[in-house]
Amino acid sequence: MNETKVKVENLYKIFGKRPGKALEELKKKKDKNTILKETKQVVALNNVSMDIKDGEIFVVMGLSGSGKSTLVRCINRLIEPSDGSVFIDHKDITKMNRQELLETRRKKISMVFQNFGLLPHMNILDNVAYGLKIQGVSKEERFEKAEKAIEQVGLKGWEMKYPEQLSGGMQQRVGLARALANDPDILLMDEAFSALDPLIRSDMQNELLELQSEMNKTIIFITHDLDEAMKLGDRIALMKDGKVVQIGTSQEILMNPADSYVERFIENVDKKKVFTASQIMRNPVALAKIGEKPETVMMKMDNHQIDSIFVVDKNNKLRGLIRRDTLEETMQEKISNISKYLDFNFSKSREDTSLEALLPPLANTNEPIAVVSSENKLLGVVVRSFIFEAITGGDQS
């Protein structure tokens, strides 16, 4: 399991002139509305704790005013927390002096904002290299890093253009390139794609996932959009009124919502687009080994009351499928093993195939779909009932 990269521990943020008094009342379990009424202080974060793993996309989502943007700004201390700790690589950023904080921001953290934040009088290359220039990096080195980042986000050839010559999606790619140029461990992305048109937004989400497969950064992504959270997040933290309501994978949240608020939040999610074959597959009830005698395989089918069985080799690679009627023929012909009569006309899928994509093949057969790895190893099987159980929340034990 990946090591914890960012640890948020009992974090509070209160806006106002007397945060100490409000914090005291908050720790007595008074709610934020009561505190606002009694002290005129605004509770933005209320005892927030979470562990974010190295290399994961961790999505923080919630409606406006839930505290998600305040949280991400407390992580790099653009906003000073009122109480609590934020550990980055086991070092508490809330206790760092100014120089230590600057070094951490320069070497470990970059941020991508919703409004791009590009300088209109600078070309794309200069925009991407600007942060490195401020750090005192030599011109040759910063341009080399900037050009690499520009190529990473698919804008090679646009270096000498100016922001006004680029579309919104391209400008956001420039913002992302600027964040990547410093090669940070952690990317903070605050509503980074919210200002984009839906199609461009979807393209940027896909691009981020593709980049992440190469970069393996720790990404903390802020959004109010549930579909975006489900698409991007390895795990999701759902916030309400400054508190974390639930943390889990999209599947965990869909199958086991923590309370009625989460239930309402997810009620319109199309589960067919969220779940994948790997999340609903199960071990086959029986397998045949290549080279086994037909009588042995038939016994397995009889014992488990099945009419077809997948055949694998000693390395668990899928070699084919054999059906009961074919097997009966081999036994009549006195064939010594099943290899000659393997059938390759069956459905199989990769582990990341969506439930939605599995529905058409399952509609036309009662046989299971084989779920295989890139090396064609059999990982599990999916039958029609598994999908309905996942969609309806039925027992999958």
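Attention in this report is confined to the structure presented alongside it. (Residues numbered from 1 in each chain as written. Predicted model: local features only at pLDDT ≥ 70, side-chain atom pairs only at ≥ 80, totals over all residues. Heavy atoms only, no water.)

## Things to note about the pattern of salt bridges
Then, in step 1: Summed over all chains, the structure comprises 28 salt bridges.
Then, in step 2: Of the charged contacts in the structure, one is a salt bridge between Arg 235 and Glu 56, with a shortest N-O distance of 2.7 Å. Placement of the pair is Arg 235 in strand 9 (residues 235–240) and Glu 56 in the loop between strand 2 (42–53) and strand 3 (57–61), with a sequence separation of 179 residues. Comparing Arg 235 with Glu 56 shows no difference in burial state: the two are buried.
Then, in step 3: The shortest N-O distance in the salt bridge between Arg 201 and Glu 228 comes to 3.0 Å. On the criterion of sequence distance, the pair formed by Arg 201 in helix 8 (residues 198–215) and Glu 228 in helix 9 (residues 226–232) is long-range, its members being 27 residues apart.
Then, in step 4: The buried category is assigned to Arg 201, whose relative accessible area is 14%.
Then, in step 5: Here the residues in one salt-bridge network are Lys 21, Glu 24, Glu 25, Lys 28, Lys 30 and Glu 38, joined through shared partners. (Salt bridge = Lys/Arg side-chain N within 4 Å of Asp/Glu carboxyl O. Helix = DSSP H or I, 4+ residues; strand = E, 2+ residues; numbered from the N terminus. Buried < 20%, exposed > 50% of the residue type's maximum accessible area, 1.4 Å probe, protein only.)

## Describing helix 6 (residues 139–152)
Then, in step 1: For helix 6, spanning 14 residues, the distance from its first C-alpha to its last is 20 Å, which sits close to the expected 20 Å at 1.5 Å a residue.
Then, in step 2: Three or more residues of helix 6 are buried, namely Arg 142, Phe 143, Ala 146, Ala 149 and Ile 150. Down the axis of helix 6, the sector holding all buried residues measures 125 degrees, keeping them to one side. Seen from the buried face of helix 6, the exposed residues on the opposite side, beyond 90 degrees, are Glu 140, Glu 144 and Lys 148.
Then, in step 3: Taken together, the buried residues of helix 6 touch helix 5 (124–134) and helix 7 (168–181).
Then, in step 4: Gly 154 lies just past helix 6 and shows a positive phi near 80 degrees. (Expected span 1.5 Å × (residues − 1). Arc of directions from axis to C-beta. Contact = heavy atoms within 4.5 Å.)

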